[in-house]
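Remarks on the overall topology
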Amino acid sequence: MTGADTVFAPATAPGRAGIAVIRVSGPGAADAVADLTGAGVPTPRTAVLRSLRGADGDLIDRGLVLWFPGPNSFTGEDLAEFQVHGGRAVTTALAEALIARPGVRPAEPGEFSKRAFLNGRLDLTEAEGLADLVAAETAAQRRQALRQMAGGLGTLYEGWRSDLVSLLAHAEADIDFPDEDLPDGLAAAVRPGIVALRDRITAHLDDGHRGERLRDGLYVVIVGPPNAGKSSLLNALARRDAAIVSATAGTTRDVIEVHLDIGGYPVLLADTAGLRRAAGEIEGEGVRRALARAARADLKIVLADATAGDAGASGVAALIDADSLVALNKIDLAPSAGAVEVGGHPALAISVRTGAGMPAFLSALEAKVAARLDAGGAPPLTRARHRAALAECRAALARSLNADAAELVAEDLRLAARALGRITGRVDVEDILDVVFADFCIGK
Ligand code: GDP
């Protein structure tokens, strides 16, 4: 990226801290280091302690300077890192000294990563993984982001794209050398490959949105009749008073949501109004919302009241499905000898008040959440952007299978490859085709 501006930005969050890291990337980075330190650039990738001075010679701070010459730096450009004391006056003075230099400006959001992408240091999925890692709040999110950052998804999609490109090469061969004795032409060489790839993409798309849910949080809703202990359960899980707990039935008028880390997985847990025909208009609206939330939920915690007898299960039994965890609360008031059930479904006996049965309930919840989010080996799709491109790719593959002319097959394969290429953003399809065709040549 010759001729680009030199940009700088704090890599650490603003505010008072022991250390602030300021990074400078671009053609002017070496001169900035030389002028600020009054010495040449240090040995690459080795920390050195230097006094940093502004143009007027005023001492800004003493700090560590690191030098990462391009192209083997994060951005692919010359890059310097200043580690100074993390006070506002220090970082402001350093920023002012940098801005005063010709061709140096503050970086735009994401500009370091964007430069890394443009210089071929990262593909788009890796850059997205990096953004996810910075945003990760739970262990599973961190692991997914790290994996994507390390190229897990990019490698998968690039692999599919190179399969596609060689299928395309075969299809093109059929067009260019129609008289050649290619065994059964297109059908034999290309069709099975297209079918196999289409099926792999279908399986990948049909993943229950695991990767996306892991980024955003699994939506878990607590449903049950009024007074069953839904708010109490949410509070117990959140370990803070997020919902109002009251002994009067029907006090949870709206939906209350809390973000939780359940066994390393991010969960958005919602408490809903009790399911019951309500007299009050507000509560009626609450019930309507509760049902709407339950319908949208990834998982439901169906909570019944042990003191309410069969009435405790009324209304909730219909909501129980494969994505439900069923519990019977208040067993401290109505102890039960054997296994308990709610509306004919096996349930966990708990007392939110005394904590009885809660460890088993938590492990069951953790297991349900993990089962819903764990991709089990294959790198999961993590963004709607990827999903849209994959769906487009699959549609083009499906079209190609119905196309009746080799030219049309080739065109659909080209569109399919381009859709995949947009996910990683690494190379234009045409570039790859040139390379492949140079090798392809079939002896002609
Ligand atoms: P919600 O309407 O389903 O949200 O129910 P709440 O969480 O507001 O609880 C209703 C009442 O039941 C409150 O007085 C709670 O303290 C009480 N409660 C909740 N869980 C238990 C429990 O396990 N045992 C007993 N004895 N009372 C409970």
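Keep in mind it's a predicted model, so treat the numbers as computed, not measured.

Tallied over the full model, the rule gives 1 aromatic pair. A ring pair is formed by tyrosine 157 and tryptophan 160, whose centres lie 5.8 Å apart and whose planes are at 50°; its orientation type is tilted. Of this pair, tyrosine 157 and tryptophan 160 both sit in helix H6 (residues 152–176), 3 residues apart, roughly one helical turn.

For sheets, the rule is that strands pair by backbone hydrogen bonds, running either parallel or antiparallel. Reading across from one edge, E8-E9-E7-E10-E11-E13-E12 is the order of the 7 strands in this open sheet, with mixed pairing throughout. Where the open sheet ends on each side, the last strands, each with one partner, are strand E8 (256–262) and strand E12 (340–342). In this sheet, adjacent strand axes meet at a mean angle of 35° when their direction is disregarded. The pairing of strand E7 (residues 218–223) with strand E10 (residues 299–305) spans 4 bridges and is parallel.

The next subject is unusual backbone geometry. The omega torsion of the bond from glycine 70 to proline 71 falls at 5°, within 30 degrees of zero and hence cis. In this fold, proline 71 is placed in the loop between strand E4 (59–68) and strand E5 (79–86). Even without being glycine, histidine 209 reaches a positive phi, approximately 55°. Tracing the sequence through the fold places histidine 209 in the loop between helix H8 (191–205) and helix H9 (210–216).

Relative orientation of the contacting elements H6 and helix H14 (residues 406–424) amounts to 160°, with a least axis distance of 9 Å. On the basis of the axis angle, H6 is roughly antiparallel to H14. Where H6 crosses over H14, the handedness of that crossing is left-handed. Counting all contacts with H6, which are made through Gly154, Tyr157, Glu158, Trp160, Arg161, Leu164, Leu167, Leu168, Ala171, Glu172 and Ile175, the residues of H14 involved are Ala406, Glu407, Val409, Ala410, Leu413, Arg414, Ala416, Ala417, Leu420, Gly421, Ile423 and Thr424. Of the residues in the contact of H6 with H14, the class split is 15 nonpolar, 3 polar and 5 charged.

The subject of this paragraph is the environment of aspartate 271. Relative to the helices and strands, aspartate 271 resides in strand E9 (residues 265–271). Aspartate 271 sits 51 residues away from valine 220 along the chain, and the two C-alpha atoms are 8.9 Å apart. Of note is the side chain of aspartate 271, whose polar atom sits 3.0 Å from the side chain of serine 231.

What follows covers the environment of threonine 125. For threonine 125, the location among the structural elements is in helix H4 (residues 124–135). Given a relative accessible area of 0%, threonine 125 falls into the buried group. Sequence separation between threonine 125 and threonine 382 is 257 residues; the distance between their C-alpha atoms is 9.2 Å. Those residues in contact with threonine 125 that sit more than four places away from it in its chain are Gln148, Leu153, Gly154, Tyr157, His386, Ile423 and Thr424. At 2.7 Å, the side chain of threonine 125 forms a polar contact with the side chain of aspartate 123.

What counts and how
Residues numbered from 1 in each chain as written. Predicted model: local features only at pLDDT ≥ 70, side-chain atom pairs only at ≥ 80, totals over all residues. Heavy atoms only, no water. Phe/Tyr/Trp six-rings, centres within 6.5 Å; stacked < 30°, edge-to-face > 60°. Helix = DSSP H or I, 4+ residues; strand = E, 2+ residues; numbered from the N terminus. Pairing = 2+ DSSP bridges. Axes fitted to C-alpha atoms, helices over the stretch in contact; angles between N-to-C directions. Parallel < 35°, antiparallel > 145°, perpendicular 65-115°, else oblique. Left-handed = near helix turned anticlockwise from the far one by under 90°. Contact = heavy atoms within 4.5 Å. Nonpolar A, V, L, I, M, F, W, Y, C, P; charged D, E, K, R; others polar. Polar contact = N/O pair within 3.5 Å; in protein donor to acceptor, adjacent residues only side chain to side chain. Buried < 20%, exposed > 50% of the residue type's maximum accessible area, 1.4 Å probe, protein only.

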